[in-house]
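Understanding the architecture of this molecule
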Amino acid sequence: MDFQSERLTFREFGTKDYDLFSSVYSNGQIMRYAYMDQINSEEEMIEYFNNVLKNNKDEKKRSIYELAVFLKKERFFIGIAVILMGYHISKVKHGEIGYFLLPQFWGKGYATEISKTLTGICFRELKVHKVAASCNVNNTSSENIMKKIGMIKEGELRKERYKDGGWHNELRYGILKEEWKEYC
Ligand SMILES: CC(C)(COP(=O)(O)OP(=O)(O)OC[C@H]1O[C@@H](n2cnc3c(N)ncnc32)[C@H](O)[C@@H]1OP(=O)(O)O)[C@@H](O)C(=O)NCCC(=O)NCCS
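Quick summary incoming for the structure in this document.

Conventions used here
- Residues numbered from 1 in each chain as written.
- Predicted model: local features only at pLDDT ≥ 70, side-chain atom pairs only at ≥ 80, totals over all residues.
- Heavy atoms only, no water.
- Helix = DSSP H or I, 4+ residues; strand = E, 2+ residues; numbered from the N terminus.
- Buried < 20%, exposed > 50% of the residue type's maximum accessible area, 1.4 Å probe, protein only.
- Polar contact = N/O pair within 3.5 Å; in protein donor to acceptor, adjacent residues only side chain to side chain.
- Contact = heavy atoms within 4.5 Å.
- Near = heavy atom within 4 Å.
- Areas by Shrake-Rupley, 256 points an atom, 1.4 Å probe, with all protein chains shown as cover.
- 1 Å grid on protein atoms, 1.4 Å probe; cavity = no way out; pocket = protein on both sides within 12 Å on 5 of 7 lines; lining within 4 Å.
- Sits in = over half its atoms within 2 Å of the grid points.
- Nonpolar A, V, L, I, M, F, W, Y, C, P; charged D, E, K, R; others polar.
- Points joined across faces, edges and corners; volume = space filled by probe spheres on them.
- Pairing = 2+ DSSP bridges.
- Axes fitted to C-alpha atoms, helices over the stretch in contact; angles between N-to-C directions.

1. Examining the side chain of Glu113
Tracing the backbone shows Glu113 in helix H4 (residues 110-124). Here Glu113 falls in the buried class, since its relative accessible area comes to 11%. Within the local environment of Glu113, its side chain forms a polar contact with the side chain of Ser5, the two groups lying 2.8 Å apart. Discounting chain neighbours no more than four positions away, the residues touching Glu113 are Ser5, Glu6, Arg7 and Leu8.

Structure representation (structure tokens):
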């Protein structure tokens, strides 16, 4: 699945993108609050990358979209955008969005643009009725994005993720199709 937004292009990872892919998931600053841990071993990174490539070809009942994001103009790689698909019995239920940007591209509104775009794709293309996002309770910049795109706080999940030697609470936000406004 490839698409564009005002300043960004989104595309599936290909075999030549290993270095871009690993530059994100091996970066401790990026992965500090993320739902998955920083990947330190080359072996684990290659395995994960190969899974992503394999998954890209799986068009039927796909469970995850992990997309490379680039600046449209300069064509710089800026990070990874994720949609996790949730199913209930055999019907699509919701999409959960995530974003991992290289630190030099923080504070420029790109993550907000990614979130709006993924939310639109979830509703228009993937036909979900709800888009959700979660973040570590201390990840205020990520929570800020969820609020900015009109998501509503649905709860705080206590001791939901184990990271860096301790259990952390996780905030859960969501937006329903009828609440989504194209202009937000
Ligand atoms: C979470 C993360 C994506 C947030 O990045 P961010 O830089 O704070 O978010 P944005 O890219 O949307 O930038 C927002 C800021 O850019 C500024 N900005 C600058 N130019 C802008 C523009 N043209 N349009 C909009 N905002 C702009 C805004 O002032 C805004 O800050 P504000 O909301 O305080 O006013 C980033 O910190 C990250 O990748 N972290 C690591 C991974 C992670 O934790 N992911 C989330 C959990 S899975």
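2. A look at the site of the ligand
Taken together, 19 residues sit near the ligand, with Tyr99, Gly107, Ala111, Thr112 and Lys148 positioned nearest. In the environment of the ligand, an oxygen atom lies 3.3 Å from a nitrogen or oxygen atom belonging to the backbone of Lys108. Contacts to the ligand include Asn144, whose side-chain N or O atom sits 3.0 Å from an oxygen atom. When the free accessible area of the ligand is taken as 960 Å², the share hidden by the protein chains comes to 69%. Spatially, the ligand is embedded in the largest pocket. Of all the secondary-structure elements, those providing two or more residues to the shell around the ligand are strand S5 (91-101), H4 and helix H5 (140-148). Here the shell around the ligand is built from residues that sort into nine nonpolar, seven polar and three charged.

3. Notes on the layout of surface pockets
When its volume is computed, the largest pocket comes out at roughly 710 Å³. Listed by contribution, the elements that provide at least two residues to the lining of the largest pocket are helix H2 (28-31), S5, H4, strand S6 (130-136) and H5. Class assignment for the residues of the lining of the largest pocket results in 17 nonpolar, eleven polar and six charged.

4. So, the pairing of strand S3 (residues 64-71)
Along S3, eight of the eight residues are buried, which leaves the element largely enclosed by surrounding structure. Along S3, one buried face is formed by Ile64, Glu66, Ala68 and Phe70 and the opposite face, lined by Tyr65, Leu67, Val69 and Leu71, is buried too. Pairing of S3 with strand S4 (residues 77-88) involves seven bridges; the strand directions are antiparallel. Looking at the pairing, Ile64 lines up with Leu84 of S4. The antiparallel hairpin formed by S3 and S4 contains five residues in its connecting segment, where Arg75 sits at a positive phi of about 65 degrees.

5. So, the sheet that holds S6
On the basis of which strands lie adjacent, the open sheet formed by eight strands has the order S1-S2-S3-S4-S5-S6-S8-S7 and mixed pairing. Sheet topology places strand S1 (3-4) and strand S7 (152-163) at the edges, where each strand pairs with a single neighbour. One ladder, built from ten bridges, connects S4 with S5; its direction is antiparallel. Its bridge partner being in S5, Ile83 is matched across the sheet by Ile97. Across the sheet, helix H1 (residues 18-25) is in contact with S3, S4 and S5; its angle to S4 comes to roughly 80 degrees. On the sheet, H4 packs against S1, strand S2 (8-12), S3, S4, S5, S6 and strand S8 (166-176) and is oriented at approximately 165 degrees with respect to S5.

Shape descriptors only; they carry no functional weight alone.
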